[in-house]
Amino acid sequence: MGVPFIARSTVAAALSCVMLSGCGWPGHSRHPKSAPVKPVVAGPSVPPRQARVTAIDLSTFVTMREQGSVLVYDVRPSWLYMLGHIPGAESFPGRSFEEAFPSKEPAMKAALSSKRTIVIYCTDLKCPDGGIVAGWMSKKGIPVSVLSGGWEDWKAAGMPTE
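Residues numbered from 1 in each chain as written. Predicted model: local features only at pLDDT ≥ 70, side-chain atom pairs only at ≥ 80, totals over all residues. Heavy atoms only, no water.

## Quick word on unusual backbone geometry
Phi angles above zero are rare outside glycine, and K115 is one such case at about 65 degrees. Summarising the element assignment, K115 is placed in the loop between helix 4 (97–113) and strand 4 (117–121). Overall, K115 belongs to the exposed group, its relative accessible area being 70%. (Helix = DSSP H or I, 4+ residues; strand = E, 2+ residues; numbered from the N terminus. Buried < 20%, exposed > 50% of the residue type's maximum accessible area, 1.4 Å probe, protein only.)

This is the structure we're talking about:
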């Protein structure tokens with residue numbers, strides 16, 4: 001039994017394509033006016049190294065804050081920040097992370113170069129924003145500590161608020 005007509009015509013077309021034009025494979029064209037296509041090789045893309053994310057307990061945070069060795073960000077929605085926040089904390093809502101990060105990054109890098117710890121906090125242990133923002137910062141190469149218990153533990157301890 002011979003090869004069906006469709007299969008023979010497909011094979012013939014493929015061979016003709018290769019023999020006559022090279023089918024556009026880089027450097028294989030037989031057309032006299034065609035120059036070989038040079039492959040584009042991209043340089044190595046090195047993403048920023050993920051930084052460490054840690055938890056910090058309230059007593060350690062209070063001590064470090066009193067020593068001036070922390071840069072503090074409140075990652076709750078801005079309206080909660082306006083109702084009250086840890087003194088000295090800057091508002092850095094998780095929902096505006098991508099647009100706000102470029103303006104905050106210089107202060108973060110300056111704090112890190114002066115051996116200060118970046119601490120973020122959310123409402124409480126159940127609030128996901130602290131972990132989410134910490135992950136985003138880590139991916140951008142910024143090491144960060146998340147205040148365990150957040151704003152609620154700060155208030156419950158009778159600490160000052162603004």
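## So, the packing of aromatic side chains
One pass over the structure, following the stated rule, counts five aromatic pairs. Consider the rings of F61 and W154, whose centres lie 5.7 Å apart with planes at 65 degrees: the pair is edge-to-face. Of the two residues, F61 sits in helix 2 (residues 58–66) while W154 sits in helix 6 (residues 150–156), which places them 93 residues apart along the sequence. Under the relative-accessibility criterion, F61 is labelled buried at 0%. On the accessibility criterion, W154 (0% relative accessible area) is buried. With a centroid separation of 5.3 Å and 35 degrees between ring planes, the pair formed by F97 and F101 is classed as tilted. Within this pair, F97 and its partner F101 are both found in helix 4, separated by four residues, close to a single helical turn. On the basis of relative accessible area, F101 is assigned to the buried category, the value being 4%. Each member of the aromatic cluster is reached from another via a ring pair, and the members are Y73, F92, F97, F101 and W136. (Phe/Tyr/Trp six-rings, centres within 6.5 Å; stacked < 30°, edge-to-face > 60°.)

## Regarding the nonpolar core
Grouped together as the largest cluster of nonpolar side chains are 18 residues, with contacts concentrated most on Y73, F92, M108, I118, I120 and M137. For this core, the secondary-structure elements that each account for two or more residues are strand 2 (70–74), helix 4, strand 4 and helix 5 (129–139). The leading source of residues in this core is helix 4, at five residues. Setting aside residues up to four positions removed in sequence, Y73 forms contacts with E90, F92, K104, A107, M108, I118, V119, I120 and Y121. (Core = buried A, V, L, I, M, F, W, Y, C linked by side-chain atoms within 4.5 Å. Contact = heavy atoms within 4.5 Å.)

## Notes on the state of the cysteines
Here, the word disulfide means a covalent bond between the sulfur atoms of two cysteines. Per the counting criterion, the structure on display carries one disulfide. Here C122 engages in a disulfide with C127; their sulfurs sit 1.7 Å apart. Note on C122: relative accessible area 4%, which makes it buried. (Disulfide = S-S within 2.5 Å.)

## Things to note about helix 4
Along its length, helix 4 reaches its greatest deviation from straightness, about 50 degrees, at S103, and the proline P106 lies no more than four positions downstream. By the burial criterion, the buried members of helix 4 are F97, A100, F101, K104, M108 and A111. Elements in contact with the buried residues of helix 4: strand 2, strand 3 (90–91), strand 4 and helix 5. Of the residues one or two after helix 4, K115 is the one with positive phi, at around 65 degrees. (Bend = angle between axes of the 7 residues up to and from the residue.)

## Observations regarding the pattern of salt bridges
Working definition: two side chains of opposite charge can pair if their charged atoms are close together. A complete count under the given rule lists four salt bridges for this structure. K104 is paired through a salt bridge with E90; the nearest N and O atoms lie 2.7 Å apart. Note that K104 is positioned in helix 4 and E90 in strand 3, a separation of 14 residues in sequence. K104 sits in the buried class, given a relative accessible area of 12%. Among the salt bridges present, the one from E98 reaches K140, with a minimum N-O distance of 3.7 Å. (Salt bridge = Lys/Arg side-chain N within 4 Å of Asp/Glu carboxyl O.)

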